[in-house]
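Topology and contacts: notes
Now for the letters of each chain:
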Amino acid sequence: MFDYKYKVVKNECETTYGSICVKNIVFEPEEIEKVLPDIVLEDDNLKHMFAEENLNRRNKQNIYRRFVPKSGITTDLDSFIEDNIRTNKSFYSFLAEGILGLIFRDMYSYQLAKGIIAVEDTLADSHTGVDACMYNLEQNLIVLGEAKFYESFDGGIKQIIKDFVNNSIKNKLESLQTKVETCEDAYRIVIKNLAIGEYDEITVDQFMGQKITFAGFVLHSETDVSQYGNSDFYDKYSVSVEQLVNNVRDSLSHDDIEGDYEIILVHLPIKDKKNLIHKMVEASRAKLTSM
């Protein structure tokens, strides 16, 4: 479903960049925007994002409602969306978090440690921890994901890089326990990788000594995608594993952390953030009405 349109590997900084496309869909923001609601709301994808195997009527209703404003809207939908985007950069960011899981599932076969999207959250909720914890059994790999839904690629990618190399890694891991403790398989994987009996006994130092991929994803508005194929497009967003390691060591006050890290930064252009949110709300309402 999702794949690289353009992929740029910077071996010297152990970072991979890429523009994501939807297979069999023209790589144009408007065309991508049109198909995303159907992709997100497809049953198998909902199961993946919400870690829900049983999509019975009640579960589906709860999931569809997750994409719709919970409180009564006093203005029209477009005004409601515009007001929230203006006052909260993180508004509807859970959509990017959900798509992040689908993208890395499709491209790298990563499994989620827990459903990315929580049914009980509101449209405006944001989290201080990692947006997704994923893993790959064959590679014995843990993946920490960060996702942003911004009106510009520039703003989103710079924030993710800041999260990786400037912000405290400790803060990013605070929510890790709750993201894995309700999933037996992923819980076992994390424990097995660390050779520790209980999660509560795991130190952040031990966790960061593993093989970890730091995966960033930006869902963003765009009108011109022609520059994405240029080999030097990502040069101004340079980030290296060396910077990441230095931040980990500074955050943990340990100079001997020797994790095996890599960075993957990808993005998906849509025509307009407001329009996509509107489409998601209307598509979810239509699903509820048809039940």
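The structure reproduced in this document is the subject of the present report. (Residues numbered from 1 in each chain as written. Predicted model: local features only at pLDDT ≥ 70, side-chain atom pairs only at ≥ 80, totals over all residues. Heavy atoms only, no water.)

1. Notes on the pairing of strand β7 (residues 260-270)
Rules: Only protein chains enter the accessibility calculation, which uses a 1.4 Å probe; a residue is then buried when its area is under 20% of its type maximum, exposed when over 50%, and partly exposed in between. Where helices and strands are cited, they refer to DSSP runs of H or I of at least four residues and of E of at least two residues respectively, numbered from the N terminus. For two strands to pair, DSSP has to find at least two bridges joining them. With the strands pointing away from the viewer, any crossover whose connection runs clockwise from the first strand over the helix to the second is right-handed.
Burial within β7 is extensive, with nine of its 11 residues counted as buried. Bridge count for strand β2 (residues 15-22) against β7 is five bridges, and the pairing is parallel. The residue of β7 that forms the bridge with Tyr17 is Leu265. Sheet topology places strand β6 (residues 211-221) next to β7; 11 bridges connect them, and they run parallel. Considered in β7, the bridge of Ile212 is made with Tyr261. Regarding the hand of the β-α-β motif, the stretch spanning β6, helix α11 (residues 241-252) and β7 is right-handed.

2. A short note on unusual backbone geometry
Even without glycine at this site, Glu14 takes up a positive phi of about 55°. Accessibility expressed as a relative area gives 44% for Glu14, which makes it partly exposed. A positive phi angle, near 60°, is found at Ser109, a position not held by glycine. Here Ser109 is to be found in the loop between α5 (94-108) and β3 (111-112).

3. Focus: the pattern of salt bridges
Heads up, the condition is: One speaks of a salt bridge when a side-chain nitrogen belonging to Lys or Arg is within 4 Å of a carboxyl oxygen belonging to Asp or Glu.
Tallying each qualifying case throughout the model produces 10 salt bridges. Its salt-bridge partner being Asp235, residue Lys10 comes within 2.7 Å of it at the nearest N-O pair. Linking Lys10 in strand β1 (residues 2-10) with Asp235 in the loop between β6 and α11, this pair joins segments that are 225 residues apart in sequence. When its relative accessible area of 15% is taken as the criterion, Lys10 is described as buried. A relative accessible area of 43% means that Asp235 is categorised as partly exposed. A salt bridge links Asp43 to Lys60, with the shortest nitrogen-to-oxygen separation between them at 3.2 Å. In this pair, Asp43 sits in helix α2 (residues 43-50) while Lys60 sits in helix α3 (residues 57-66), placing the two residues 17 residues apart along the sequence. The exposure class of Asp43 is partly exposed, given its relative accessible area of 30%.

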